[in-house]
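# Coordinate inspection notes
Single-letter residue listing:
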Amino acid sequence: MNALVPLPVLLPLCATGLSLAFGTRLARFQRFISVAVLTAVLGLSVTLMIAADRQGPLSVHLGDFAPPLGITLVADRLSGLMLTVSSAVTLCVLVYSLGQGMADRDKETPVAVFHPAYLILVAGVSLTFIAGDLVNLYVGFEIMLVASFVLLTLGGTGPRIRAGSTYVIISLFSSMLFLTAIAMTYAAAGTANFAQLALRLPELPLGVQTLIQGLLLTVFAVKAAVFPLAAWLPDSYPTAPAPVTAVFAGLLTKVGIYCMLRVETLLFPGNRLGDLLMALALASMIVGILGAVAQTDLKRLFSFTLISHIGYMVFGIGLATRDAYGGAIFYVAHHITVQTTLFLVAGLIERRGGTNELTRLGGLARSAPLLAVLFFVPAMNFAGIPPLSGFIGKLGLMRAGVADGSAWAWVLVAGATVTSLLTLYVMAKVWNLAFWRTAPPGQAAYGTVLESADDSDDDDADAGPDNVPGTGDEGVVRAGRPAGQTVAATLQGRTVITSVRPPPAMTAATAAAVVLGLAFTVLAGPLTAFTDRSAAELIARRPYVEEVLGP
């Protein structure tokens with residue numbers, strides 16, 4: 001069983017080579033490779049999760065080199081759960097993007113780069129979840145960075161290049177900080193292996209431990225978009241097409257949360273920085289949700305809710321109890337699925353209504369009832385309405401806070417309650433404006449060019465009635481299209497005319513993501529028990545260390 005541990009990384013990397021080799025000469029085969037590999041990765045992830053739950057952590061030393069010389073990959077309960085949820089989500093997003101036609105290359109593009117970049121992104125995410133040392137965790141981050149920049153900027157439009165540049169600059173800064181932290185750790189402890197660091201770091205002076213811990217938490221807070229290190233996210237994610245934004249917002253930020261969980265439990269037990277983490281959690285909740293309340297662009301609104309709900313996970317990490325860790329793990333799994341689903345729905349709304357600007361939308365509950373259902377279910381789940389999984393996750397975290405009984409814990413419980421109520425208000429606002437009210441006069445439902453190959457880089461230069469900077473509709477122009485047809489944004493920056501009804505694959509992938517979110521509610525009992533066992537394993541540390549180094 002241990003031999004399966006590297007496969008979630010190796011399979012996407014091998015498929016990337018095949019995808020580049022075939023290119024667009026066999027486009028259908030290229031698509032088949034991507035779907036087949038991600039399906040296989042999902043099956044492997046489920047297998048690893050079950051095996052780790054029954055047998056304990058699984059590890060493999062590549063090349064049979066023992067730490068600290070060799071590369072160690074480890075899959076425990078937490079890694080298995082994260083691999084499973086991320087694999088399911090990336091598969092749904094891939095099917096959605098195929099339905100949207102994003103993977104079809106432009107005639108001027110020499111290679112089809114969407115599939116290779118997407119597969120590399122999946123490999124990077126998988127590597128971060130099973131990396132057994134800081135160096136390979138850094139490698140996983142860099143793999144994700146390269147693939148993310150390609151996906152953010154494909155099409156070469158001005159807003160995407162600017163957003164991609166911001167994303168890269170922030171990521172490079174955090175990478176430099178990460179390298180500094182790795183160098184300091186190795187200089188102080190003589191290793192970068194997690195299991196060895198768990199034994200050696202407690203022997204270091206307290207000041208050195210705190211400095212290393214602070215540097216690592218800063219790096220992971222940037223990746224997770226924890227306030228005040230989250231200013232880059234609302235400007236970077238909304239410019240990308242819905243599938244790219246969905247996988248970034250739903251998954252990549254949780255990589256940072258996973259790393260915080262791993263470091264705080266395995267390397268730095270004792271919760272020395274717990275009060276700081278809870279302060280950051282509270283700030284993320286309140287600032288994020290207030291930002292969402294002020295938005296009228298749907299993608300930016302969801303981006304701010306993402307920042308807000310990252311605070312719930314940091315709240316659990318800051319409490320540092322078994323119940324808190326269990327609640328945080330449950331909420332991470334829930335949030336990956338539901339946040340991804342909401343961004344996929346945003347793409348369907350944009351395709352149907354011609355815009356993401358809520359003030360220009362309306363009447364979708366009557367004109368697109370299936371779309372209304374696909375939004376309403378994850379929106380209520382996200383807001384934490386009983387008995388959905390969002391409510392279960394938040395309740396678990398609040399119960400852990402009440403059980404802790406400290407002043408910070410009570411403040412966070414109150415902040416979490418207010419944030420949850422404001423989240424419900426934000427979801428109701430979207431529902432009322434986009435779905436429930438009558439469609440406003442002049443709604444751009446048909447014949448709207450969301451993005452064209454002729455778009456110039458200077459989108460703000462010709463701002464007009466349909467090109468208002470800051471509304472999320474930069475570059476939107478009118479086109480004399482036949483009634484009953486609408487033009488949707490694509491990855492390559494081309495104009496594509498589609499029917500009013502989205503392709504079945506887009507709707508089916510979104511529906512599958514909704515069902516996956518509901519599965520967390522139906523299976524809440526077994527999943528909660530699993531996350532509790534994961535939390536106990538994290539706190540114990542001994543099973544992980546003994547699996548890597550031996551008894």
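Everything numeric in this text was worked out from a predicted model, so none of it was measured.

A word on the overall build of the protein chain. When its secondary structure is counted, the protein chain shows 20 helices and 6 strands. Taking all 551 residues of the protein chain together, the buried fraction comes to 60%. At a minimum sequence separation of 6, the contacts of the protein chain that also span at least 24 residues come to 80%. Summed over all atoms, the accessible surface of the protein chain reaches about 19600 Å², with 67% contributed by carbon and sulfur.

Let us look at the packing of aromatic side chains. Overall, the coordinates contain 16 aromatic pairs when judged by the stated rule. Measuring from centroid to centroid gives 6.2 Å for Phe-29 and Phe-32, while their planes differ by 25 degrees, and the two rings are stacked. Of this pair, Phe-29 and Phe-32 both sit in helix α2 (residues 27-55), 3 residues apart, roughly one helical turn. The class of Phe-29 is partly exposed, set by a relative accessible area of 36%. Given a relative accessible area of 53%, Phe-32 falls into the exposed group. Taking the centre distance of 6.1 Å and the plane angle of 90 degrees together, the rings of Phe-141 and Phe-220 count as edge-to-face. Linking Phe-141 in helix α5 (residues 134-153) with Phe-220 in helix α8 (residues 206-224), this pair joins segments that are 79 residues apart in sequence. Neither Phe-141 nor Phe-220 differs from the other in exposure class; each is buried. Here a set of aromatic residues connected by ring pairs shows up, and it is made of Phe-375, Phe-376, Trp-431, Phe-435 and Trp-436.

Counting 170 residues, the largest nonpolar core has Phe-178, Phe-220, Phe-375 and Met-427 as the members making the most contacts within it. Leaving out residues up to four positions away in the same chain, Met-427 has contacts with Leu-301, Phe-302, Thr-305, Phe-375, Ala-379, Met-380, Phe-382 and Ala-383.

Let us now look at helix α15 (residues 369-383). The end-to-end C-alpha distance of α15, which contains 15 residues, comes to 21 Å, matching closely the 21 Å that a straight helix rising 1.5 Å per residue would cover. Among the residues of α15, Leu-371, Ala-372, Leu-374, Phe-375, Pro-378, Ala-379, Met-380, Asn-381, Phe-382 and Ala-383 are the ones counted as buried. Buried residues along α15 sit in contact with α12 (298-319), α13 (322-353), α14 (364-367), α16 (389-404), α17 (407-436) and α18 (504-522).

Turning to helix α20 (residues 542-549), a few remarks are in order. When α20 is considered as a whole, its buried residues turn out to be Tyr-544, Val-545 and Val-548. For α20, the buried positions fall inside an angular range of 95 degrees around the axis, keeping them on one side. Those residues of α20 that are buried are in contact with β1 (58-62), β2 (71-75), α7 (194-200) and α10 (242-267). Of the residues one or two after α20, Gly-550 is the one with positive phi, at around 95 degrees.

Before going further, it helps to examine the packing of helix α3 (residues 77-100) against α10. Relative orientation of the contacting elements α3 and α10 amounts to 170 degrees, with a least axis distance of 9 Å. Between α3 and α10, the angle is such that the two are roughly antiparallel. Contacts between α3 and α10 involve Leu-78, Ser-79, Met-82, Ser-86, Thr-90, Val-93, Tyr-96, Ser-97 and Gln-100 from the first element and Ala-242, Pro-243, Val-247, Leu-251, Lys-254, Tyr-258, Leu-261 and Arg-262 from the second. In terms of residue class, the contact of α3 with α10 is made up of 10 nonpolar, 5 polar and 2 charged.

Before going further, it helps to examine the environment of Thr-218. When you line up the elements, Thr-218 lands in helix α8. Taking the C-alpha atoms as reference, Thr-218 lies 8.5 Å from Leu-229; in sequence the two are 11 residues apart. Ignoring sequence-local partners within four residues, the contact set of Thr-218 consists of Leu-177 and Leu-229.

Right, let's get into the pairing of β2. By the criterion of burial, β2 is predominantly enclosed, with 4 of the 5 residues buried. Where β1 and β2 come together, 5 bridges link them in antiparallel fashion. Within β2, the residue paired with Ser-59 across the bridge is Val-74.

The subject of this paragraph is the confidence of the model for the protein chain. For the protein chain, mean pLDDT is 83; residues scoring 70 or higher make up 86% of the total. Note on residues 103-111: pLDDT under 50 across the span, and 15 contacts to partners over four residues away in sequence or across chains. Residue range residues 444-499 is modelled with pLDDT below 50. Its contacts to residues more than four positions away, or to other chains, number 127 contacts.

This part is about unusual backbone geometry. Cis geometry is found at the peptide bond from Phe-227 to Pro-228, where omega equals 10 degrees. Take Pro-228: it is sitting in the loop between α8 and α9 (233-236). Across the junction of Pro-386 and Pro-387, the peptide omega takes the value 0 degrees, indicating a cis bond. The backbone phi angle of Arg-541 is positive, close to 65 degrees, even though this residue is not glycine. Structurally, Arg-541 is set in the loop between α19 (524-540) and α20.

Turning to the packing of α13 against α19, a few remarks are in order. Where α13 meets α19, the axes come as close as 8 Å, and the angle between the chain directions of the two elements is 125 degrees. Overall, the two elements α13 and α19 adopt an arrangement that is oblique. When the axes of α13 and α19 are compared, the crossing they make is right-handed. Where α13 abuts α19, its residues Arg-322, Tyr-325, Gly-326, Ile-329 and Phe-330 lie against Ala-524, Leu-527, Thr-528, Thr-531, Asp-532, Ser-534, Ala-535, Ala-536, Leu-538 and Ile-539. For the contact of α13 with α19, the residue count by class is 9 nonpolar, 4 polar and 2 charged.

Time to look at the pattern of salt bridges. This structure, assessed with the given rule, holds 5 salt bridges. With a closest N to O distance of 2.7 Å, Asp-53 and Arg-77 form a salt bridge. One end of the pair, Asp-53, is in helix α2; the other, Arg-77, is in helix α3, with 24 residues separating them in the sequence. The class for Arg-77 is buried, based on a relative accessible area of 13%. One salt-bridge network, held together by shared partners, links Asp-53, Arg-77, Arg-533 and Glu-537.

In this structure, Gln-196 sits in helix α7. A relative accessible area of 9% means that Gln-196 is categorised as buried.

The topology assignment puts Ala-242 in helix α10. The buried category is assigned to Ala-242, whose relative accessible area is 3%. Separated by 101 residues in sequence, Ala-242 and Phe-343 place their C-alpha atoms 6.0 Å apart. In this view, Ala-242 contacts Tyr-96, Lys-299, Phe-343 and Gly-347; residues no more than four positions away in its chain are not counted.

About the criteria used
- Residues numbered from 1 in each chain as written.
- Predicted model: local features only at pLDDT ≥ 70, side-chain atom pairs only at ≥ 80, totals over all residues.
- Heavy atoms only, no water.
- Helix = DSSP H or I, 4+ residues; strand = E, 2+ residues; numbered from the N terminus.
- Buried < 20%, exposed > 50% of the residue type's maximum accessible area, 1.4 Å probe, protein only.
- Contact = heavy atoms within 4.5 Å.
- Areas by Shrake-Rupley, 256 points an atom, 1.4 Å probe, with all protein chains shown as cover.
- Phe/Tyr/Trp six-rings, centres within 6.5 Å; stacked < 30°, edge-to-face > 60°.
- Core = buried A, V, L, I, M, F, W, Y, C linked by side-chain atoms within 4.5 Å.
- Expected span 1.5 Å × (residues − 1).
- Arc of directions from axis to C-beta.
- Axes fitted to C-alpha atoms, helices over the stretch in contact; angles between N-to-C directions.
- Parallel < 35°, antiparallel > 145°, perpendicular 65-115°, else oblique.
- Nonpolar A, V, L, I, M, F, W, Y, C, P; charged D, E, K, R; others polar.
- Pairing = 2+ DSSP bridges.
- pLDDT = per-residue confidence, 0-100.
- Left-handed = near helix turned anticlockwise from the far one by under 90°.
- Salt bridge = Lys/Arg side-chain N within 4 Å of Asp/Glu carboxyl O.

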